[in-house]
Amino acid sequence: MKLNPNCKEVHKLASEQLDRELSLTENTGMRVHLLFCRACSNFNRQMKFIRQAMHKFPIE
Amino acid sequence: MINTTLFQQLETMRPVLLRFAFLQLRNTEHAEDAVQDALLAVLEKPNQFSGASSLRTYVIGILKFKIIDHLRASARTCQIDTLPDQSEDDVINDLFTANGHTISAPNAWGDPEATLHQQDFFNTMEICLEKLPPQNARVFMMREWLDLDTDEISKELNLSTTNLWVILYRARLRLRECLDINWFAKTGSA
């Protein structure tokens, strides 16, 4: 994994962090990218939101 | 003797349980079996239900266990395609330019906490799950609804873990897009 991942790579990491532990390089690269990229920050929050919603599912 | 009120309550829940079992198993007969097993388990030991959680939460918990039993039993006869076709790759590639930038940047989704209290949102989410390709939905729900860990899922389905991560990523992308279009854009929170 590169030190400065692009949006495509960060999107994938945002999903994969929910399924595996990211390496230190991946994690740092993603964090730094998220600091200046609103698109990926939104996407990252949405991935976590989907997990939260699935755990509450189904509600009455 | 069977408690008639409990019996009636369970019967009222049956349609919802069936819909969810079907979403996961994608097979009517297996879904009916799993729901039947779950309802019988509750009826056989009605005292196990302490009232600490709602009956619905309790029954859904048991249904999840019964579904996992079914998935395990049918794992050998019901293989998942391990090789995604071209259109599957497009789900990911279509979102990005050649140098890896997003083509259309995801908007913020407003107040997540408030959304999670709206029944209508969950109805939309159910429709979005129905729209996922069956194989994709099955794997995604094993992970996110049944809460199985990735090692267990890859073993059950005989998938490599890297393959599994990609399948889950695709499912999340599809679900994200469906929710974005059918809920967040419409409710104005996006």
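All values derive from a computational prediction rather than experimental measurement.

Right, let's get into the overall build of chain A. Scanning chain A from terminus to terminus reveals three helices and zero strands. Helices and strands appear in chain A in the N-to-C order α-α-α. Relative to its 60 residues, chain A shows a buried fraction of 60%. In chain A, the proportion of contacts linking residues at least 24 apart, taken out of those at least 6 apart, comes to 53%. Carbon and sulfur atoms make up 54% of the accessible area of chain A, which amounts to about 3,100 Å² in all.

The next subject is the packing of aromatic side chains. As enumerated under the stated definition, the model contains eight aromatic pairs over all chains in all. Judged by centre distance (5.9 Å) and plane angle (75°), the ring pair of Phe-49 of chain A and Phe-184 of chain B falls under edge-to-face. Of this pair, Phe-49 of chain A sits in helix α3 (residues 38–56) while Phe-184 of chain B sits in helix α9 (residues 161–187), placing the two residues on different chains. Every member of this aromatic cluster is reached through a ring pair, and the members are Phe-49 of chain A together with Trp-109, Phe-121, Phe-122, Trp-183 and Phe-184 of chain B. We note Arg-20 of chain A situated over the ring of Trp-165 of chain B; from NZ or CZ to the ring centre the distance is 4.9 Å.

The next thing to look at is the packing of helix α8 (residues 150–157) of chain B against α9 of chain B. Axes are the key here: two packed helices are described by the angle between their axes and the distance separating the axes. Residues and elements named next belong to chain B. Two elements in contact, α8 and α9, have axes separated by 10 Å at closest approach and are oriented at 105°. With respect to their mutual orientation, α8 and α9 come out roughly perpendicular. Note on element contacts: α9 touches α8 through Thr-161, Leu-164, Trp-165 and Leu-168, opposite Thr-150, Asp-151, Ile-153 and Ser-154. Within the contact of α8 with α9, the residues separate by chemical class into four nonpolar, three polar and one charged.

Remark: the empty space left among the atoms is shown by a probe the size of a water molecule rolled over them. Residues and elements named next belong to chain B. Of the volumes computed, that of the largest pocket is approximately 310 Å³. Taken together, 16 residues line the largest pocket, and the ones lying closest to its centre are Leu-95, Ser-104, Leu-173, Arg-176 and Glu-177. A per-element tally of the lining of the largest pocket places α9 first, with five residues. Split into classes, the residues belonging to the lining of the largest pocket amount to six nonpolar, four polar and six charged.

A separate point is the confidence of the model for chain B. Confidence in the prediction of chain B, expressed as mean pLDDT, is 86, and 88% of residues score 70 or more. Overall fold confidence for the complex sits at a pTM of 0.87, while the interface term, ipTM, reaches 0.94.

All names here are of chain B. One non-glycine residue, Asp-147, lies in positive phi territory at about 65°. Relative to the elements of secondary structure, Asp-147 occurs in the loop between α7 (134–144) and α8. Although it is not a glycine, Asn-158 adopts a positive phi angle of roughly 60°.

What follows deals with the packing of α7 of chain B against α9 of chain B. Residues and elements named next belong to chain B. Here α7 crosses α9 at 95°, and the two axes come no closer than 9 Å. It follows from the interaxial angle that α7 and α9 lie roughly perpendicular. Here Asn-136, Val-139, Phe-140, Arg-143 and Glu-144 of α7 lie close against α9, whose contacting residues are Leu-164, Ile-167, Leu-168, Arg-170, Ala-171, Arg-172, Arg-174 and Leu-175. Looking at the contact of α7 with α9, its residues break down into seven nonpolar, one polar and five charged.

Conventions used here
- Residues numbered from 1 in each chain as written.
- Chains lettered and ligands numbered in written order.
- Predicted model: local features only at pLDDT ≥ 70, side-chain atom pairs only at ≥ 80, totals over all residues.
- Heavy atoms only, no water.
- Helix = DSSP H or I, 4+ residues; strand = E, 2+ residues; numbered from the N terminus.
- Buried < 20%, exposed > 50% of the residue type's maximum accessible area, 1.4 Å probe, protein only.
- Contact = heavy atoms within 4.5 Å.
- Areas by Shrake-Rupley, 256 points an atom, 1.4 Å probe, with all protein chains shown as cover.
- Phe/Tyr/Trp six-rings, centres within 6.5 Å; stacked < 30°, edge-to-face > 60°.
- Lys NZ or Arg CZ within 6 Å of the ring centre and 35° of its normal.
- Axes fitted to C-alpha atoms, helices over the stretch in contact; angles between N-to-C directions.
- Parallel < 35°, antiparallel > 145°, perpendicular 65-115°, else oblique.
- Nonpolar A, V, L, I, M, F, W, Y, C, P; charged D, E, K, R; others polar.
- 1 Å grid on protein atoms, 1.4 Å probe; cavity = no way out; pocket = protein on both sides within 12 Å on 5 of 7 lines; lining within 4 Å.
- Points joined across faces, edges and corners; volume = space filled by probe spheres on them.
- pLDDT = per-residue confidence, 0-100.

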